[in-house]
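Fold and geometry: a report
If you want the building blocks of each chain, they are given just below.
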Amino acid sequence: MGIFERIFREPRWGVHPDDHKRPAADVPLRRLPTPARVHMPLQQHVGGAARPIVLVGQQVLKGQLIAEPSGNISAPIHAPVSGTVTAIGEVTAPHASGLSFGAITIESDFQERWIELEEVADPFSLSPEEITKRTAAAGIVGLGGATFPSAAKFSLGRRMKVDTLIVNGGECEPYLSADDRMMRDWGDEVVDGVRIVMHAIGAQQALVGIEDNKPEAIDAMRKAAEGFPEVKIRPVPARYPMGSDRQLIITLTGREVPADARAAEVGVLVHNVSTCAAVHQAIRFGRPLVERIVTINGGAVRAPGNVFAPIGTPVQELLDFCGLKEAPARIVMGGPMMGTPLAHGQVPLVKGASGILALDAKEAFVPPAGPCIRCGNCTRACPMGLQPIEMGARIRAGDLDGAEKLHLGDCISCGCCAYVCPSHIPLVQYFNHAKGELWAKERGKLRTEATKRLAAARIERLEREAKEKAEAAARRKAERAAAKAKAAAEAQASPANIEGETA
Amino acid sequence: MLSAVGSLTVMGVTLGGLLGVASRYLAVEANPIEAEIQAMLPGSQCGQCGFVGCSQAAAALAAGTAPVTLCPPGGRALAQELAHKLGVKADLSGVADDGPKIAQVSEEICIGCCKCIKACPTDAVIGAAKQIHNVIRDACTGCGACVDRCPTEAMALVPIPVSLQYWIWPKPVMAGAAA
Amino acid sequence: MNAHPIDMPVSSPHATTSLSVPRVMGIVLLALAPATLFGFWLYGWPAFWLWLFTVAAAAAGEAFCLRLMARPVLPALHDGSAILTGWLLALSLPPWAPWWIGVFGGLFATVLAKQAFGGLGQNLFNPAMVARVALLISFPVQMTAWVAPLPLGSAGAPGLIDGLLVTLKGMPAGLDAVASASLLGFAKTEMSRGVDLFASLAHAPMQPWIGSRPGSLGETAGWLIAAGGLLMMALRVISWHIPLAMLAGIAIPAALLHAVDPARYLDAGTHLMSGGAMLGAFFIATDYVTSPGTPRGQLIFGFGCGVLTFVIRTWAGYPEGVAFAVLLMNSLTPIIDAYVRPRIYGRDRRGVPMVAKRG
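Residues numbered from 1 in each chain as written. Chains lettered and ligands numbered in written order. Predicted model: local features only at pLDDT ≥ 70, side-chain atom pairs only at ≥ 80, totals over all residues.

Overview of the overall build of chain B
Counting its secondary structure elements, chain B contains seven helices and four strands. Overall, chain B shows an N-to-C arrangement of helices and strands of α-α-α-α-α-β-α-β-β-α-β. (Helix = DSSP H or I, 4+ residues; strand = E, 2+ residues; numbered from the N terminus.)

A short note on the sheet that holds strand 7 (residues 83-92) of chain A
Residue and element names in this part refer to chain A. With antiparallel pairing, four strands are arranged side by side in an open sheet as 2-8-7-4. In the strand order of this sheet, the two ends are held by strand 2 (37-41) and strand 4 (59-60), each with one partner. Relative to strand 8 (residues 100-108), strand 7 is paired through nine bridges, and the arrangement is antiparallel. Residue pairing for strand 8: Val85 is matched across the bridge by Ile106. (Pairing = 2+ DSSP bridges.)

Description of the interface of chain C and chain A
Contact with chain C, which involves 43 residues of that partner, is made by 65 residues of chain A. For the side of chain C that touches chain A, the secondary structure elements donating two or more residues are helix 1 (21-43) and helix 12 (222-234) of chain C. When the residues that make up the side of chain C that touches chain A are grouped by side-chain class, the tally is 23 nonpolar, 15 polar and five charged. (Contact = placed C-beta atoms within 7 Å. Nonpolar A, V, L, I, M, F, W, Y, C, P; charged D, E, K, R; others polar.)

Some remarks on helix 1 of chain C
Residue and element names in this part refer to chain C. In this model, helix 1 (23 residues) spans 32 Å end to end at C-alpha, consistent with the 33 Å of a helix rising 1.5 Å per residue. By the largest-angle criterion, Ala33 marks the main kink of helix 1, which is about 35°, and a proline, Pro34, follows within four residues. Considered for burial, the residues of helix 1 that qualify are Val21, Val24, Met25, Val28, Ala31, Leu32, Ala35, Thr36, Gly39, Phe40, Leu42 and Tyr43. At the exit of helix 1 stands Gly44, carrying a positive phi of roughly 80°. (Expected span 1.5 Å × (residues − 1). Bend = angle between axes of the 7 residues up to and from the residue. Buried ≥ 20, exposed ≤ 12 C-beta atoms within 10 Å, placed from the backbone.)

A look at the sheet that holds strand 15 (residues 330-333) of chain A
Residues and elements named next belong to chain A. Read from one edge to the other, the open sheet built from six strands follows the order 1-14-13-17-15-16, with strand pairing classed as mixed. Two strands in the sheet have a free side with no partner beyond their single neighbour: strand 1 (30-31) and strand 16 (340-341). Two elements, strand 15 and strand 17 (residues 355-359), share four bridges in a ladder whose sense is antiparallel. Bridge pairing in strand 17 places Ile331 opposite Ala358. Against the sheet, helix 4 (residues 178-185) contacts strand 13 (291-297), strand 14 (305-310) and strand 17, and its axis sits at roughly 125° relative to strand 13. Contacts from helix 9 (residues 315-322) reach strand 13, strand 14, strand 15 and strand 17 within the one sheet, and its direction differs from that of strand 14 by about 140°. (Axes fitted to C-alpha atoms, helices over the stretch in contact; angles between N-to-C directions.)

Structure below.
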């Protein structure tokens, strides 16, 4: 790169962190021995938590449905190992707060006995609706980390008449190589899954975007896609956050998704490569989503690499499998840019986790935050064109509405701003804090409205009851009067009167 | 010089007179903001603010004799909105501390007297005579009207437990940095 | 295992750039070094001593204020911003100015123009330029006493100790240093006497293009300053927007008017290589704190600085206008930042969501 290019060809967005992907990406995929115990969380997806349908003490087979979806947007949960349900309770969630959430604990019998699987020889003979139904039943959610139920996206794609399926093989987060490994080892499965998804949403072409720092994956996918001209492999520049759907869409198609709109509105739908492979497994072989590839990486890991592991496996077991050089200073689920710090190692692996990082003290060191020198690096790095410096200053002063006016809601929490900040200001935390507070405020407003409705309903009820009481009293009075009149009439003993009353 | 002084005086007197007349004849009967504030309040007439009902509280708010933080069921969000509406600065220190609360029945002590059911402004307590009562979480505003009414002190306000859905990232603390 | 208490988890990202404030300031100082060393050679030891006094005073002023506010002194001094402020100020002073000019300027810069506003990142105006303007207005005689270059090792150049004496006691009468005027000042004075540029430039005190001429340290080494600026751009410490816009802001009106009336208006090249144009464009106007944050805002800001510099040089009472121009544009920075915002993805420039388009 010449000096002229260095000075004038500054990219419009994003950052270029050290990717730390190798050597982990080049190590062959390993399979985790069946863990003794798994905790299968009920909420591993966007939407309503699944409802358990098994009892403590019940025997389950691998792939058996153990919790069913609740509500329109939800996903079922299946047993990742065969064995006995030993508890339905709370376990620590992979969440920064370290709070707990519901999970089903299964003691493994190490038999790996699968449920009976229904295989389909030709998925393309199935109707798109049928594929959508089976995808939903297999509990498939966005495996890139978004964890949105995939079947709901299929229906949306059909409804919006999407023309292009974008397959996200960007994997722009440093350290992670789960998708890279997936494409290298199971390229054929991925391409088959891509074609099934295209069939399900009615797209005419699929663009597979792969960052150019993964040449082996690009080669493998090109080979796998030979003979399928509708599946196009498109290398994209390696730049974080290329794997963010909006950035990948504009890079591959030039279409810009309007703010507050979904990608389907510009005619595209984005699915991760691992999600496509999961769809292939679910449709061809009837296998629900109970296992995934996860990258185990970080300075504290002795033998970093990718592991094929049952979902629900405690993170510590995965780390022990790869070996630890030292006690990690921080464990992160996901990548370093957007990942979640874990409270401890007994947190279960979830569907959307593509990596577990055990960071050593050097990697986990957080330099103390200094004053903002207004260098503007954050503004240049923001892939959404926001002004992190301005929003952060407002949030710091407690002016959350001011930050919202600068479109804080458009922030994707990618972490570019905080990454480039020479003063190490925790901008993402400011934004997360403000988003939470604004959301709580919105919730409070809704609550006040609900209270108003309830109070009105009560007043209506009281009035209705009073009216009913009055009516009842009046009726009783009338009845009494009628009875009196009847008695008086009976005293006159006229048969015609009695007949008239009966009629 | 004199003409300038004279013309300004005449203008002042005329315009002042006009304003006086206008203020008398075009006076607004009720304070319109009062109705707007009443619409913002929960309307459950729980009486926790010390006023008989929400309309009285709205009147006091409009007159500026009551603080914007008066409504516990409305919480912080309402206090902020009221402050914004009235153009005052809300002192949120009082409401921010303990967070929202809801009523809870101690099942061992409840005698099933139904008094709390009658007191609840949002019909959040369910139960029948001689049956242990229970509180519907989503309907309870935490107003505490039932607590005063309970003869056995079985009713208490407890903070809503923090769950994953309600957890909020704390604001970063910047030590030693310039403001 | 987790080093952080659960009530204050560490937010993502769990990675950070190697760039830091001390590193940024270090790169800027490095970029300034060649021009400064050239200046030391050109003007001898007095220039070095004045530079030292100025930088030390700026650092002392910063330390004093931090102590007064009971804030940690060492980390703040370590970030290098006070040294940079003093350094930039020193480069804009007459090299043989007395010591108290540097000390007064250095203290003024950090105490009044920076820390009084709240410290690093909070000042509205560039501290070095505030100090320079304060000095120019308060001590016009000392601030316009330029000397002809007297390179180290040449006959009559003062040695290390003699140089210190020059700075401490003022110019000794016997020394062979010729008090002189800078080119812009000379042209302006001659113009005010009714001598046009054709006549005045014929005997102007200039040897352009190699930088050996009367002026401040930052003026004479224009090319080295520009080279330092390019280094900063290559290292992505500054972007090209402000320097290019500012130089264009000076050069375009200068070229136009010179074409119209060469007898009254200096040519663009002379404008660019004179006074603080280079130093201002690459090091002063690009100060992060006091310039806009967005590329378009920076173009407006830089061009404004350039045009104002030209206007002040050409029609105002002072021969040099960079400091005034930068300060004037500094005052506009908050307004530029409020109105010139980057376009948000999925929205138009006004922030309204775009309409969905397919294909």
